[in-house]
Amino acid sequence: DQQVKQNSPSLSVQEGRISILNCDYTNSMFDYFLWYKKYPAEGPTFLISISSIKDKNEDGRFTVFLNKSAKHLSLHIVPSQPGDSAVYFCAASFIQGAQKLVFGQGTRLTINP
Amino acid sequence: DVKVTQSSRYLVKRTGEKVFLECVQDMDHENMFWYRQDPGLGLRLIYFSYDVKMKEKGDIPEGYSVSREKKERFSLILESASTNQTSMYLCASQVGQGVGTEAFFGQGTRLTVV
């Protein structure tokens, strides 16, 4: 039972344009959401997070949007750069109690020059 | 900066061997995790620990055990390695009592069981 789903295995975007990565979750009790970026042969690195009391959080070129009613979050990268090419994982967790992260399957983003 | 260090980047082991994967973190974090990453499946939680000598099963604990004798070290043990345990193994640590905190990952261990 996949509680966090990323339905697009891959995404290709032209350099300078906007990249939009999507993620859906099924457990309405999740109240903290994160995005990680992963290069081959390296561990994931934290990008940005959002708690369920917000619907948007920005950090430089990265913005995460949360739609609680739809159980959907998205990561926007503007403008996209070649160094953004990586696999992106969304994750969901609980602010209190067990804080283990539940990950989606990942989306491979390729930025084309 | 938080540092999570896994003892090996690459390992090749034979079927039936007992395998130890070691992970050390230097930030006095309470929580530590072991995940495996497989294509199309994302990161799946094997075990996690929220304190010394405390552990809980994750989503796929079969064939694995863990040990946490000291706060900074979390070991994953494959009791009898099998080919379906060939994978990328990722260790992570996290502050235990926080208002939503990220986990920090090690560089990963690519394990091949032949």
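Above: the structure in question.
A brief look at the structure comes next.

The rules behind these values
- Residues numbered from 1 in each chain as written.
- Chains lettered and ligands numbered in written order.
- Predicted model: local features only at pLDDT ≥ 70, side-chain atom pairs only at ≥ 80, totals over all residues.
- Heavy atoms only, no water.
- Helix = DSSP H or I, 4+ residues; strand = E, 2+ residues; numbered from the N terminus.
- Rg over C-alpha atoms; globule rule 2.2 N^0.38 Å.
- Buried < 20%, exposed > 50% of the residue type's maximum accessible area, 1.4 Å probe, protein only.
- Contact = heavy atoms within 4.5 Å.
- Areas by Shrake-Rupley, 256 points an atom, 1.4 Å probe, with all protein chains shown as cover.
- Lys, Arg positive; Asp, Glu negative; His and termini not counted.
- Charge placed at Lys NZ, Arg CZ, Asp CG, Glu CD.
- Buried area = accessible area lost by both parts, 1.4 Å probe.
- Salt bridge = Lys/Arg side-chain N within 4 Å of Asp/Glu carboxyl O.
- Polar contact = N/O pair within 3.5 Å; in protein donor to acceptor, adjacent residues only side chain to side chain.
- Nonpolar A, V, L, I, M, F, W, Y, C, P; charged D, E, K, R; others polar.
- Core = buried A, V, L, I, M, F, W, Y, C linked by side-chain atoms within 4.5 Å.
- Pairing = 2+ DSSP bridges.
- Axes fitted to C-alpha atoms, helices over the stretch in contact; angles between N-to-C directions.
- Disulfide = S-S within 2.5 Å.

1. With respect to the overall build of chain B
Looking only at helices and strands, one finds zero helices and eleven strands in chain B. When the helices and strands of chain B are placed in sequence order, the string is β-β-β-β-β-β-β-β-β-β-β. Computed over C-alpha atoms, the radius of gyration of chain B comes to 13 Å, within 12% of the 13 Å expected from 2.2 N^0.38 for 114 residues, which places it in the range of a compact globule. Expressed along its principal axes, the backbone C-alpha trace of chain B runs to roughly 40 × 30 × 25 Å. By the burial criterion, 50% of the 114 residues in chain B qualify as buried. Looking at chain B alone, contacts between residues at least 24 apart form 55% of all its contacts between residues at least 6 apart. For chain B, the computed accessible surface area is about 5,600 Å², with 50% contributed by carbon and sulfur atoms. Of the charged side chains in chain B, 15 are positive and 15 negative, and the gap between their average positions amounts to 7 Å.

2. With respect to the interface of chain A and chain B
Counting residues at the interface gives 17 residues for chain A, matched by 26 residues for chain B. Note on chain A versus chain B: buried area summed over both sides is about 1,800 Å², and carbon and sulfur give 57% of it. On the chain A side of the interface with chain B, the three residues burying the most area are A:Gln99, A:Lys100 and A:Phe103, jointly 30% of the side's total. Our count for the contact surface shared by chain A and chain B stands at zero salt bridges. Counting the contacts that link chain A with chain B gives five residue pairs in polar contact (both at pLDDT 80 or more). By residue number, the principal contributor to the side of chain A that touches chain B is strand β4 (residues 32-38) of chain A, which donates four residues. Residues that form the side of chain A that touches chain B fall into these classes: ten nonpolar, four polar and three charged.

3. Description of the environment of B:Glu30
Its location among the elements puts B:Glu30 in the loop between β3 (19-25) and β4 (31-38). Residue B:Glu30 is classed as partly exposed on the basis of its relative accessible area of 28%.

4. Section: the nonpolar core
One finds A:Val4, A:Phe33, A:Trp35, A:Leu73, A:Leu75 and A:Tyr88 to be the most contacted residues of the largest nonpolar core, which totals 24 residues. For this core, the elements supplying multiple residues, two or more each, are β3 (19-25), β4, β5 (45-51), β7 (62-67), β8 (72-77), β9 (86-93) and β11 (107-112) of chain A. Once residues within four sequence positions are removed from consideration, A:Leu73 is found in contact with A:Leu21, A:Asn22, A:Cys23, A:Tyr25, A:Phe33, A:Trp35, A:Val64, A:Phe65 and A:Leu66. Counting residues in each nonpolar core, the second largest holds 20 residues, with B:Leu21, B:Phe74, B:Leu76 and B:Leu111 among its members.

5. Details of the pattern of salt bridges
For the structure on display, the rule yields eight salt bridges over all chains. Across the salt bridge formed by A:Asp84 and A:Arg61, the nearest N and O atoms sit 2.8 Å from each other. You can see A:Asp84 sitting in the loop between β8 and β9 and its partner A:Arg61 sitting in the loop between β6 (56-59) and β7, a full 23 residues away along the chain. Of the charged contacts in the structure, one is a salt bridge between B:Glu79 and B:Lys18, with a shortest N-O distance of 3.7 Å. Highlighted residues: B:Glu79 in the loop between β8 (73-78) and β9 (87-94) and B:Lys18 in the loop between β2 (10-13) and β3, separated in sequence by 61 residues. B:Glu79 sits in the partly exposed class, given a relative accessible area of 40%. A relative accessible area of 46% means that B:Lys18 is categorised as partly exposed.

6. Observations regarding the sheet that holds β8(B)
All names here are of chain B. The strand order across the open sheet formed by four strands is β1-β3-β8-β7, and the pairing between neighbours is antiparallel. Because the sheet does not close on itself, it has two edges, and the strands there are β1 (4-6) and β7 (64-70). Strand-to-strand twist in this sheet, taken as the mean axis angle between neighbours without regard to direction, amounts to 20 degrees.

7. Quick word on the sheet that holds β8(A)
Read across the open sheet, the five strands follow the order β1-β3-β8-β7-β6 (chain A); overall the sheet is antiparallel. The two strands at the open ends of the sheet, each matched to only one other strand, are β1 (4-5) and β6 of chain A.

8. Details of the state of the cysteines
Disulfide: a covalent bond connecting the sulfur atoms of a pair of cysteines. All names here are of chain B. All chains considered together, the criterion is met by two disulfides over all chains. Two residues, Cys23 and Cys91, share a disulfide whose sulfurs are 1.9 Å apart. Judged by the torsion about the S-S bond (-80 degrees), the Cys23/Cys91 disulfide is left-handed. Within this pair, whereas Cys23 is found in strand β3, its partner Cys91 is found in strand β9, the two being separated by 68 residues in sequence. Given a relative accessible area of 0%, Cys23 falls into the buried group.

Geometric descriptors of this kind do not, in isolation, establish any biological role.
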